[in-house]
Amino acid sequence: LEYTKQNYGFTDMQNMYLNEFMSFVSALESDNKNIYNADGSAAGLFQFRKSGFRTAINRFNNIMTRMNPNYQLPNWVQDALVHQDPTRLSPDEQKSLALANFLEMPASERLNRDGSDALLKAIANGDVDAMKELYIKYHHADYELSLEDTAEGDERYNLVDNQALRDRTNEYFDLWGTTDYDYE
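This structure is a prediction, so every number in the text was calculated from the model and none was measured.

**Student:** Provide a residue-level description of the overall build of the protein chain, including the pertinent values.
**Tutor:** Each helix and strand in the protein chain was counted, giving eight helices and four strands. The helix and strand sequence of the protein chain, counted from the amino end, reads α-α-β-β-α-α-α-α-α-β-β-α. Here the C-alpha radius of gyration of the protein chain, 17 Å, is about what a compact globule of 184 residues would show, namely 16 Å. Taken along the three principal axes of its C-alpha coordinates, the protein chain extends 45 × 40 × 40 Å. For the protein chain, the proportion of its 184 residues judged to be buried stands at 42%. Of the contacts formed within the protein chain by residues at least 6 apart in sequence, a portion of 58% connects residues at least 24 apart. When the accessible surface of the protein chain is summed, it comes to about 10400 Å², and 45% of that surface belongs to carbon and sulfur atoms. Measuring between centres, the 17 positive side-chain charges of the protein chain sit 5 Å from its 31 negative side-chain charges.

**Student:** So, empty space enclosed by the protein: which residues are in play, and what are the values?
**Tutor:** Per the counting criterion, the structure on display carries one cavity of 30 Å³ or more. For the largest cavity, the calculated volume is near 30 Å³. In this structure, the largest cavity is lined by Ile136, His140, Ala141, Asp142, Leu159, Val160, Asn162 and Leu165. Residue composition of the lining of the largest cavity, grouped by class: five nonpolar, two polar and one charged.

**Student:** Give me the lowdown on unusual backbone geometry, citing residues and values where you can.
**Tutor:** Residues other than glycine predominantly adopt negative phi, and peptide bonds predominantly adopt the trans conformation. A positive phi angle, close to 55 degrees, is found at Asp31, a residue other than glycine. Mapping Asp31 onto the fold places it in the loop between α2 (12-30) and β1 (42-43). Take Asp31: its relative accessible area is 31%, and that puts it in the partly exposed class.

**Student:** Which residues make up the packing of helix α3 (residues 50-67) against helix α5 (residues 91-103), and what are the values?
**Tutor:** At a minimum axis distance of 8 Å, the contact between α3 and α5 shows a crossing angle of 80 degrees. Classified by the interaxial angle, the pair formed by α3 and α5 is roughly perpendicular. Where α3 approaches α5, its residues Phe53, Thr55, Ala56, Ile57, Arg59, Phe60 and Ile63 are matched on the opposing element by Ser96, Leu97, Ala100, Asn101 and Leu103. Residues of the contact of α3 with α5, tallied by class, amount to eight nonpolar, three polar and one charged.

**Student:** Account for α2, naming residues and giving values.
**Tutor:** Residues spaced three or four apart along an α-helix point in a common direction, a consequence of the helix completing one turn every 3.6 residues. Between its first and last C-alpha atoms α2 spans 27 Å; for 19 residues at 1.5 Å apiece the expected length is 27 Å, and the two agree. Within two residues after α2, Asp31 carries a phi angle of roughly 55 degrees, on the positive side.

**Student:** Kindly report on the layout of surface pockets, identifying the contributing residues and their values.
**Tutor:** The calculated volume of the largest pocket comes to roughly 740 Å³. Considering the residues around the largest pocket, the lining is formed by 27 residues, among which Gln47, Arg49, His139, His140 and Ala141 are closest to the centre. For the lining of the largest pocket, the elements supplying multiple residues, two or more each, are α2, β2 (48-49), α3, α7 (128-140) and α8 (163-173). Of the residues assigned to the lining of the largest pocket, the class counts are twelve nonpolar, nine polar and six charged.

**Student:** Can you break down the side chain of Asn15 residue by residue, with the values?
**Tutor:** Tracing the backbone shows Asn15 in helix α2. Overall, Asn15 belongs to the buried group, its relative accessible area being 4%.

Reading guide: rules and limits
Residues numbered from 1 in each chain as written. Predicted model: local features only at pLDDT ≥ 70, side-chain atom pairs only at ≥ 80, totals over all residues. Heavy atoms only, no water. Helix = DSSP H or I, 4+ residues; strand = E, 2+ residues; numbered from the N terminus. Rg over C-alpha atoms; globule rule 2.2 N^0.38 Å. Buried < 20%, exposed > 50% of the residue type's maximum accessible area, 1.4 Å probe, protein only. Contact = heavy atoms within 4.5 Å. Areas by Shrake-Rupley, 256 points an atom, 1.4 Å probe, with all protein chains shown as cover. Lys, Arg positive; Asp, Glu negative; His and termini not counted. Charge placed at Lys NZ, Arg CZ, Asp CG, Glu CD. 1 Å grid on protein atoms, 1.4 Å probe; cavity = no way out; pocket = protein on both sides within 12 Å on 5 of 7 lines; lining within 4 Å. Points joined across faces, edges and corners; volume = space filled by probe spheres on them. Nonpolar A, V, L, I, M, F, W, Y, C, P; charged D, E, K, R; others polar. Axes fitted to C-alpha atoms, helices over the stretch in contact; angles between N-to-C directions. Parallel < 35°, antiparallel > 145°, perpendicular 65-115°, else oblique. Expected span 1.5 Å × (residues − 1).

Structure (C-alpha cells):
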C-alpha cells in the first residue's frame, strides 16, 4: 500500500478502503478460503487462473522495481514462479499479487475498457459502484468474442451479461459500510 501513497497520493483512510475492497473480492471469489475452484482452473483466495497468476507476479515485480531499483525477488516470489500455485502463498502474499494486478491493468481496446486507475481512485474514496465495476469487468472478467466486425478487422470482446454474478456482487457490496457482514 506504500505504492498507492507514493503514486496515487492515497491517504491511510483511502488505503483502508482499498484494503477492505480486496477483502470483499476474496470473499466473493472464494468465501475467503484458500481453495481450488470446482474444475481446478483457478486457485487461492482470489481465484487466480494460471495465466493471470503469472501476470499478477510480473505486475507485482514491476511495481516493486519502480519503488526500489535495487529490488530483488523475495523467496516467496521466486518459489511462486516455479510452483505456479496461489494456494501455496500466504493470504498477504496473495493479496499483494491481486492488488498489484489491479494497479497495473491497462486500457484495452479489444475489451472496450479503460485502465483501472480511475476506478481505483474512486474505490479509495468508498465508491461502491466503482468496486462492483472493477470486480466484474476487470477481475471476474468473463468476456466473449464479439460477432460484430470492426472497421480495422480487429477482434473485439463483449462482457458476458451474467445476472447471477451481478446479483452475487450486489449482495456482497451492498453491505459495504455496514456492520452486517463478517468474515469466516
